[in-house]
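Coordinate inspection notes
Each chain is listed here by its residues.
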Amino acid sequence: MNCRFLPMVLVLAAFAHSWDLAIAHINDVHSHLDPTEIKLASDTPLTVRAGGAARLVSAVRTLRKEHPDLLVLHAGDELVGTPWFSLYQGLADAAVLDRIGVDAFVPGNHEFDRGPEFLARFLDSLHGPVVAANLDASREPALCGRILPAVVVMRSGHRVGIVGVAQPETPSISRPGPNLKFRRAGAVRATVDSLRKVGVRTVILLSHAGIEEDTVLARTVPGIAVVVGGHSHTRMGRNLTNIGLRTDKPYPMEVRAKDGRIVPVVQAWEWGKEIGEIVLHLDDSGRTTGWTASPFLPLSDTILMGGGILPPYKARAVGERLASSGAVRFFEPDSSTAALLSAWERPIDSLRHVIVARIPAAIPRGNPLLGTLCARALREAGSPWGAEVGVQNAGGIRDDLPLGEISQESVLKVMPFQNTVVVVALTGAQLRELRRLVRGRDGREPGWDGVSEREEGTLQVRGRTGPLLDADTVRIATNSYLAAGGDGCRMLERADGFRLDTGIPDAEAFSSLLGELYPAPSLNQTKDNSRGTK
């Protein structure tokens, strides 16, 4: 627990601590409705299970008992990332959010991946307000009037304004369509000002703009009490390097605003593996005079070692050691939520039991090998139509490949977007431009196959003699998202030469390649891998 009271030079008598506002928040769940296994580095390698929909429901219920006026916020990107989304198209996610009881939700960029009409159907399934002050949906029939700039709720007899901040780059990294207009994040200032003019003294920014932009907002937008964020998947809080849990930033980050006040900025990692918890100490003007911060990983009391389950007495000892850090709490899964998901899980369970490959070592999401494998899968799938080069955007790779048996579910976690393989003809100059554009996205390197860059800056396509000249033509294979101009690659969308959507799912192409490179002893063998809500 981190308690913070601002220096008395900032806390004048006129701004004495008057009341407390407890906030719990999550972000970037990406349809991870099952628990996620986290490997801990300790004397003996241990694995814990964090999050999962049923445990999140149970944890928030406990927090509501501890803080009867708890405010529960979701900072976006609930959707896309696992077979739960692929099969149920957000219905399972919506059911879980309603059980959690989210008080406000800002749509993340991935909520727009299937277009406005899809998002509208998802919102039909939600019962809480959706906010984004920098999004103009007035010209989009499916969403007009559905997304509010802000919402005002009552807590402890005080009005609290929640202003949404959508990801400004959504048109470049998602598929919101032509009718939605995203403004820069700073445009929310007018909404904050309007709330304060009508007497709403406590204003929260609920943001999917990312941690860097959130710190700018905290510094430049007057009159906000806290920024609750998402998008950058930032883990904040205590740095538990002794057990392999690295922290990116402190929880909260303390940002000094232009008017001199300190504004806390918070985020809760990803996938429901962490719940952010902060109690703001506020004065009657809405100024934050301090806080008590207690972010935690909601864990199962089942602890694994070497593939087996630790006996209860050993698990208790490990659990007590972990709990003493203040960074974890243990919860039983909510039984009714677990039962609901169990009724829906049969199609997903079948994916878990189809083994497509067996790899000798885990390949983390950030490992260049994984990007290269994905790009190779695209190229090989497109080779009947002349594809010589494959390219996979880094943002389209969403999970690690685990050591050992790879199930169809594992493949869909890596490539969950249901894209297809598209073959496009480019000139050498266009391919060079594409490499520049894709390389520049969010600092992560894309995956390439079939092409390399020489020291002098020229490109060499595998199997060709001599470098690729600007006027030469080459066919590349990529996913349908990039081919449609995603990630800012408009030149792919505008390429006017040969173009063919093969209709082959990218995950299917990836699965086939893994099976060829790392064959399992017996394809379609059954794997004993229960859901494990524990």
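Structural data are supplied above this passage.
This report concerns the structure included in the present document.

How each quantity is defined
Think of each chain on its own: its residues are numbered from 1, step by step along the sequence as written. Local features in a predicted model are, by the rule used here, given only for residues with pLDDT of at least 70; side-chain atom pairs are given and counted only at 80 or more, and totals for whole chains, interfaces and linings are based on all residues. Excluded from the side-chain calculations are hydrogens and water; all other atoms, namely the structure's heavy atoms, are used. Only runs of H or I of at least four residues qualify as helices and only runs of E of at least two qualify as strands under DSSP, and these elements are numbered from the N terminus. We compute the radius of gyration over the C-alpha atoms and compare it with the globule rule, which gives 2.2 Å times the number of residues raised to the power 0.38. For every residue, the accessible area (1.4 Å probe, protein chains only) is compared with the maximum for its type, and the residue is labelled buried under 20%, exposed over 50%, or partly exposed between those bounds. The contact rule is simple, with two residues in contact once any of their heavy atoms fall within 4.5 Å. Exposure was quantified through the Shrake-Rupley algorithm and a 1.4 Å probe, taking into account, for residues, occlusion by the shown protein chains and nothing else. Positive: Lys, Arg. Negative: Asp, Glu. His and the chain ends are not part of the count. By convention, the charge on Lys lies at NZ, on Arg at CZ, on Asp at CG and on Glu at CD. A 3.5 Å cut-off defines polar contacts: any pair of N or O atoms within that distance qualifies, except that in protein one atom must be a possible hydrogen donor and the other a possible acceptor, and neighbouring residues in sequence count only when both atoms are side-chain atoms. Only the contacting stretch of a helix is used when fitting its axis, a line to C-alpha atoms as for every element, and angles between N-to-C directions run 0 to 180 degrees. Each angle receives one of four descriptions, namely roughly parallel if under 35 degrees, roughly antiparallel if over 145, roughly perpendicular if within 65 to 115, and oblique otherwise. Side-chain classes are defined by residue name, with Ala, Val, Leu, Ile, Met, Phe, Trp, Tyr, Cys and Pro counting as nonpolar, Asp, Glu, Lys and Arg as charged, and the others, Gly among them, as polar. We define a salt bridge as a contact between a side-chain nitrogen of Lys or Arg and a carboxyl oxygen of Asp or Glu at a distance within 4 Å. By definition, two strands form a pair when at least two bridges between them are found by DSSP. Side-chain rings of Phe, Tyr and Trp (the six-membered ring for Trp) are treated as a pair once their centres are within 6.5 Å; stacked means planes under 30 degrees apart, edge-to-face means over 60, and tilted covers the remaining angles. Criterion for a charge above a ring: Arg CZ or Lys NZ at most 6 Å from the ring centre, at most 35 degrees from the ring normal.

1. Focus: the overall build of the chain
For the chain, the helix and strand inventory stands at 16 helices and 28 strands. Rg of the C-alpha trace for the chain: 24 Å, near the compact-globule value of 24 Å for 534 residues, within the 12% margin. Reported as C-alpha extents along the three principal axes, the dimensions of the chain are approximately 80 × 55 × 45 Å. Sorting the 534 residues of the chain into buried and exposed places 58% on the buried side. Sequence-distant contacts in the chain: of pairs separated by 6 or more residues, those separated by 24 or more amount to 75%. Put simply, the chain shows about 21400 Å² of open surface, and 52% of that area lies on carbon and sulfur atoms. One way to put it: in the chain the 60 positive side-chain charges average out to a point 3 Å from where the 60 negative ones average out.

2. So, the side chain of His-281
Tracing the chain through its elements places His-281 in strand β15 (residues 276-282). Reaching out from His-281, the side chain makes a polar contact with the side chain of Thr-292 at a distance of 3.2 Å.

3. Topic: the packing of helix α11 (residues 368-382) against helix α16 (residues 506-517)
In a pair of packed helices, the angle between the axes and the distance between the axes together describe the arrangement. Put simply, α11 and α16 touch, their axes get as near as 8 Å, and they point 105 degrees apart. Classified by the angle their axes make, α11 and α16 are roughly perpendicular. Packed against α11, whose contacting residues are Leu-370, Leu-373, Cys-374, Arg-376, Ala-377, Leu-378, Glu-380 and Ala-381, the element α16 presents Asp-506, Ala-509, Phe-510, Leu-513, Glu-516 and Leu-517 at the interface. Here the contact of α11 with α16 is built from residues that sort into 10 nonpolar, no polar and 4 charged.

4. Description of the pattern of salt bridges
Counting across every chain of the model gives 23 salt bridges. In this structure, Glu-37 and Arg-49 form a salt bridge, with 3.6 Å as the shortest nitrogen-oxygen distance. Of this pair, Glu-37 sits in strand β3 (residues 36-40) while Arg-49 sits in strand β4 (residues 46-50), and the two are 12 residues apart along the sequence. What makes Arg-49 buried here is its relative accessible area of 18%.

5. Here's the deal with the pairing of strand β23 (residues 420-427)
Counting buried residues in β23 gives 7 out of 8 residues, a clear majority hidden from the surface. Bridge count for β23 against strand β28 (residues 499-505) is 4 bridges, and the pairing is antiparallel. Directly across from Thr-420, in β28, lies its bridge partner Pro-505. Looking at chain direction, β23 and strand β27 (residues 473-479) are connected through 7 bridges and run antiparallel. Across the sheet, residue Val-424 finds its bridge partner in β27, namely Ile-476.

6. So, the sheet that holds strand β11 (residues 202-207)
The mixed open sheet is built from 6 strands, whose spatial order is β8-β9-β11-β12-β14-β13. Looking at which strands have only one partner, the edges of the open sheet turn out to be β8 (150-155) and β13 (253-256). Across this sheet, the average inter-strand angle for adjacent strands is 25 degrees, counted without regard to direction. Bridge count between strand β9 (residues 158-165) and β11: 6 bridges; the pairing is parallel. Across the sheet, residue Val-165 finds its bridge partner in β11, namely Ser-207.

7. As for the sheet that holds β27
Across the sheet, 5 strands lie side by side as β24-β21-β27-β23-β28; this open sheet has mixed pairing. If you trace the sheet from one side to the other, it starts and ends with β24 (447-449) and β28, each paired once. For this sheet, the mean angle separating the axes of adjacent strands, direction not counted, is 25 degrees. Alignment of strand β21 (residues 389-392) against β24, held across 3 bridges, turns out to be antiparallel. By the bridge assignment for β24, Gln-392 is matched with Gly-447.

8. Points about the packing of aromatic side chains
Evaluation of the coordinates by the stated rule reveals 6 aromatic pairs. With 5.4 Å between their ring centres and 80 degrees between their planes, Phe-112 and Phe-182 make a pair best called edge-to-face. With Phe-112 in the loop between β6 (104-105) and α4 (116-124) and Phe-182 in strand β10 (residues 181-182), the pair connects residues that are 70 residues apart, well separated along the chain. Ring centres of Phe-296 and Phe-331 lie 5.8 Å apart, and the angle between their planes is 35 degrees; this geometry places the pair in the tilted category. Remark: Phe-331 occurs in the loop between β19 (328-330) and α9 (335-344) and Phe-296 occurs in the loop between β16 (288-293) and β17 (297-305); sequence separation between them is 35 residues. Across this residue pair, the class does not change: Phe-296 and Phe-331 are buried. Every member of this aromatic cluster is reached through a ring pair, and the members are Trp-84, Tyr-88 and Trp-344. In this arrangement the basic side chain of Arg-435 is found over the ring face of Trp-448, its NZ or CZ atom lying 4.8 Å from the centre.

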